[in-house]
Amino acid sequence: LKDGNDRLLDSEEENKAVIARIGKRVEDIKELEMLNFRLEERLGSREELLVQKDEDLNNYIELHQDELKNMELRLHKVIDLQRKDLQQRDREIIMLKRYIEKYEDILDEAEHVSHEQRRSLRAREDRIGELSMAIERRENADFLSQFDKMCTF
């Protein structure tokens, strides 16, 4: 019996040791479950933060894309206005060039006319000079002829 009791005691001690080890393992499992729960909470919080940051980033990108589109539209409007202004200035330049050509033609014609007038004036001066000389010769001839007649009397 003693042997049986010793075995029972040994078996009971082994059982207690096993139960203690199982209890320790249960505590370890509970602790691991608690750690796992906390990690899942933290992971969930981080996932929520990541989702929130992703949404914030998407909103930020959309906002800036809209701003960029608006800026692009304004820039295109400014470019179109500048293009129209340049086209208007080109038309004005072409019109001014035509006026310049017209006035240059007028000046050329006036220069030609004034040249013709100077030439005509010189011709008249020459003719007046010729007529003056002819008159002078005639007067001298008349004077000489009268002087001759006077001398012959």
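Remember, predicted model here, so these are calculated numbers, not experimental data.

### A word on the overall build of the protein
Per the secondary structure count, the protein includes one helix and zero strands. Radius of gyration (C-alpha) of the protein: 63 Å, far over the 15 Å computed for a compact globule of 153 residues. Viewed in the frame of its principal axes, the protein has a C-alpha envelope of about 215 × 25 × 15 Å. A total of 153 residues make up the protein; the buried ones form 0% of that total. For the protein, the exposed surface amounts to about 15100 Å²; the carbon and sulfur share of it is 57%. Charged side chains of the protein number 29 positive and 39 negative; the gap between the two group centres comes to 4 Å.

### Brief notes about the pattern of salt bridges
Evaluation of the coordinates by the stated rule reveals five salt bridges. With a closest N to O distance of 3.0 Å, Arg-119 and Glu-116 form a salt bridge. Pair noted here: Arg-119 and Glu-116 are both in helix H1 (residues 2–152), with a separation of three residues, about one helical turn. Judged by its relative accessible area of 47%, Arg-119 falls in the partly exposed class. Of the charged contacts, one joins Glu-130 and Arg-127 as a salt bridge, the two residues approaching to 3.6 Å between their closest N and O atoms. Here Glu-130 and its partner Arg-127 are both found in helix H1, three residues apart, which amounts to about one turn of the helix.

### What about a nonpolar patch on the surface?
Together, Met-95, Leu-96, Tyr-99, Tyr-103 and Ile-106 make up a nonpolar patch on the protein surface, roughly 510 Å² of accessible area in all. Counting through the fold element by element, Ile-106 comes out in helix H1.

### As for a negative patch on the surface
A grouping of Glu-101, Glu-104, Asp-105, Asp-108, Glu-109 and Glu-111 is seen on the molecular surface, where their side chains present a negatively charged patch. Here Glu-104 falls in the partly exposed class, since its relative accessible area comes to 43%.

### With respect to the environment of Glu-67
Assignment of secondary structure puts Glu-67 in helix H1. For Glu-67, a relative accessible area of 35% translates into the label partly exposed. C-alpha separation for the pair Glu-67 and Asp-54, spaced 13 residues apart in sequence, amounts to 20 Å. A polar contact is formed between the side chain of Glu-67 and the side chain of His-64, at a distance of 3.2 Å.

Each value, and the rule that gives it
Residues numbered from 1 in each chain as written. Predicted model: local features only at pLDDT ≥ 70, side-chain atom pairs only at ≥ 80, totals over all residues. Heavy atoms only, no water. Helix = DSSP H or I, 4+ residues; strand = E, 2+ residues; numbered from the N terminus. Rg over C-alpha atoms; globule rule 2.2 N^0.38 Å. Buried < 20%, exposed > 50% of the residue type's maximum accessible area, 1.4 Å probe, protein only. Areas by Shrake-Rupley, 256 points an atom, 1.4 Å probe, with all protein chains shown as cover. Lys, Arg positive; Asp, Glu negative; His and termini not counted. Charge placed at Lys NZ, Arg CZ, Asp CG, Glu CD. Salt bridge = Lys/Arg side-chain N within 4 Å of Asp/Glu carboxyl O. Patch = residues over 30% accessible without salt bridge, like charges linked within 9 Å, V, L, I, M, F, W, Y side chains within 5 Å. Polar contact = N/O pair within 3.5 Å; in protein donor to acceptor, adjacent residues only side chain to side chain.

Interpretation note: all reported values are geometric properties and have no functional meaning in isolation.
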